[in-house]
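# An overview of the molecular structure
In case you want the letters, here they are:
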Amino acid sequence: MNVTFQNNFNELEVRLCGEIDHHCARGLSESIDFKIKRHRPTLLILDFGGVSFMDSSGLAIVMGRRKLMRSMDGSVELRHLCGGTRKIFDMAEISRYVIVKED
Amino acid sequence: MKAINSIRVVFPSRSANEGFARITAAAFASQLDPTVEEISEIKTAVSEAVTNCIVHGYADELGNITLQCRLYEGGKLVIVIKDKGRGIENIEQAMEPLFTTGDTAERSGMGFTIMESFMDKVKVTSKPGIGTTVTFTKYIKSRG
């Protein structure tokens, strides 16, 4: 799992690349949380365009970051969901909890 | 019915092996010429089951996980994931969507829901103190 961050004014964009599973979940969550606490964005953008595999750990990561962003009156947006990642997010009806930007 | 082909792999319950397990199952399934979508479904279901062995079965210890893949006539693929960990007290409850054991780690509670949605059949047998076995059946349609 490779992750890059871009900070634009009130937005923090996180580009995820590679495989998301339980093995990398904790480290990934911690690195995103570190950036959130440092930049205090109002919108956290999680870009799944480069994700080649994801299991339910990805859901837990999104819901955990939503909780943190809400505690700071911010929101979360998901981008570039496709194939397997989209199926899992749809199953969990993720759009009830976060913004899903359609391509 | 006798299996046409089968493999059996035993590995320790380290989270680094989640990737190994799902790739192994996907590689075995590839002889059936599955679609990219079917491969993705197999990888996801195996990843969920192996993660359960690591997180729940062997919560505070390191133990062995056995992955078996068997191929039968008619494109029938059977995948068995077995641990000798602490077992599940209430299987019905564990399989409910959004159910988590409420430990401090972030979990979605969607593992079994995903397995059931991606596989044609999911069977769970478990005995507290003895271990848990999850059996998937998936039919890969011939595209010939």
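My aim in this report is to walk through the structure given alongside it, one point at a time. (Residues numbered from 1 in each chain as written. Chains lettered and ligands numbered in written order. Predicted model: local features only at pLDDT ≥ 70, side-chain atom pairs only at ≥ 80, totals over all residues. Heavy atoms only, no water.)

## Some thoughts on the environment of Arg-38 of chain A
Residues and elements named next belong to chain A. Residue placement: Arg-38 occurs in helix α1 (residues 22-39). Judged by relative accessible area, Arg-38 falls into the exposed class, the value being 55%. Once the C-alpha coordinates of Arg-38 and Val-76 are considered, the two residues, 38 residues apart in sequence, prove to be 16 Å apart. (Helix = DSSP H or I, 4+ residues; strand = E, 2+ residues; numbered from the N terminus. Buried < 20%, exposed > 50% of the residue type's maximum accessible area, 1.4 Å probe, protein only.)

## Here's the deal with the packing of helix α2 (residues 36-57) of chain B against helix α4 (residues 111-118) of chain B
Residue and element names in this part refer to chain B. Close contact between α2 and α4 brings their axes to 9 Å; oriented N to C, the two are set at 150 degrees. Judged by the sense of rotation from one axis to the other, the crossing of α2 with α4 is left-handed. Contact with α2, carried on its side by Glu-41, Thr-44, Ala-45, Glu-48, Ala-49 and Asn-52, involves Gly-111, Phe-112, Ile-114, Met-115 and Phe-118 of α4 and no other residues of that element. Across the contact of α2 with α4, the residue classes tally to 6 nonpolar, 3 polar and 2 charged. (Axes fitted to C-alpha atoms, helices over the stretch in contact; angles between N-to-C directions. Left-handed = near helix turned anticlockwise from the far one by under 90°. Contact = heavy atoms within 4.5 Å. Nonpolar A, V, L, I, M, F, W, Y, C, P; charged D, E, K, R; others polar.)

## Focus: the pattern of salt bridges
According to the stated counting rule, one finds 11 salt bridges over all chains in the structure shown. Glu-19 of chain A is paired through a salt bridge with Arg-22 of chain B; the nearest N and O atoms lie 2.7 Å apart. Here Glu-19 of chain A is found in strand β2 (residues 11-20), whereas its partner Arg-22 of chain B is found in helix α1 (residues 17-29) on a different chain. Across the salt bridge formed by Glu-102 of chain A and Arg-86 of chain A, the nearest N and O atoms sit 3.0 Å from each other. On the criterion of sequence distance, the pair formed by Glu-102 of chain A in the segment after β5 (99-100) and Arg-86 of chain A in helix α3 (residues 83-91) is long-range, its members being 16 residues apart. (Salt bridge = Lys/Arg side-chain N within 4 Å of Asp/Glu carboxyl O.)

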